[in-house]
Amino acid sequence: DVVIVVGKTGVGKSLFIQGVAGRKIVSVKHHTDYSGSTAVTDVFEAVDPVPGFGVGHKKVSNTKSINCFVHESVGKLKKDIFYVDSPGFEDTAGPEVDIATSVMLSQVAKMARSLRFVVLINFASLLEDRGGAMRAVLKLAQAFVSDFEIDKRSFMFLFTHI
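Throughout, a residue's number is its position along its own chain's written sequence, starting from 1. Local features in this predicted model are restricted to residues of pLDDT 70 or higher, and side-chain atom pairs are both shown and tallied only at a pLDDT of 80 or more, whereas totals for entire chains, interfaces and linings draw on every residue. Water and hydrogen atoms play no part in the side-chain values, which are based on all heavy atoms of the structure.

Undergrad: Explain the overall build of the protein to me, and be specific about the residues and the numbers.
TA: When helices and strands are counted, the protein shows 5 helices and 7 strands. The quantity called the radius of gyration is restricted to C-alpha atoms. Its globule counterpart is 2.2 Å times the number of residues to the power 0.38. Its C-alpha radius of gyration of 16 Å places the protein within 12% of the 15 Å reference for a compact globule of 162 residues. Taken along its principal axes, the extent of the C-alpha atoms in the protein is 50 × 35 × 30 Å. Between buried and exposed lies partly exposed: a residue is buried under 20% and exposed over 50% of the maximum accessible area for its type, with that area taken using a 1.4 Å probe on protein chains only. Looking at the 162 residues of the protein, the share that counts as buried comes to 35%. Using the Shrake-Rupley algorithm and a 1.4 Å probe, accessible areas are obtained, with residue cover drawn only from the displayed protein chains. By element, 57% of the accessible surface of the protein is carried by carbon and sulfur atoms, the whole surface being about 10,200 Å². Distance from the positive charge centre (19 side chains) to the negative charge centre (17 side chains) of the protein: 5 Å. A helix here means a DSSP run of H or I that spans at least four residues, while a strand means a run of E at least two residues long, and both kinds are numbered starting from the N terminus. In this charge count, Lys and Arg are treated as positive and Asp and Glu as negative; neither His nor the chain ends contribute. Here the site of a charge means NZ on Lys, CZ on Arg, CG on Asp, or CD on Glu.

Undergrad: So what's going on with the side chain of His 30? Which residues, and what values?
TA: Within the element layout of this structure, His 30 appears in strand β2 (residues 25-34). Here His 30 falls in the buried class, since its relative accessible area comes to 16%. The criterion used for residue contact is that any of the two residues' heavy atoms lie within 4.5 Å. Those residues in contact with His 30 that lie beyond four places of it in its chain are Ala 39, Val 40, Thr 41, Val 43 and His 57.

Undergrad: Requested: an account of the side chain of Asp 85, with residues and values cited.
TA: Counting through the fold element by element, Asp 85 comes out in strand β5 (residues 79-85). Of the side chains with opposite charge, Lys 13 lies nearest to the buried Asp 85, which makes no salt bridge, at 5.4 Å. Residues within four places of Asp 85 in sequence aside, it is in contact with Val 5, Lys 13, Ser 14, Ile 17, Phe 53, Thr 63, Ser 65, Ile 66 and Asn 67. Each reported salt bridge corresponds to a side-chain nitrogen of Lys or Arg within 4 Å of a carboxyl oxygen of Asp or Glu.

Okay, structure coming up:
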């Protein structure tokens, strides 16, 4: 069983995986230097993070390729669930990263016995880009399902940065 975690760069996909892995999530102060002055913001990080799922706090993606976390023996059926993290779509590394990520995710999807999506959306993006993030997510979803009405239970939409 595979859960693909998708969203734009910086929305919190890797942090979500840290939470799924049972890591404690804490608020910390992040200092960024801009032209001789320092901006301080509250951000979230995992305590004792799962390796390979680093959380970045800059305008560039920290996740460079798809990565998998296996949550072992879940539920009554005692089956493993594979959580797949990926670079954000419309990533700061350019359209070629989006294309490569889409190809890799489609390969993962073809091999999965069952497939679910967790779609993370930055709440502020709904206001800033008039729903552009939501349209981009729905466009991505179309690549994986032929009829959203039939497959809608395979999607969970979570809003971050509220």
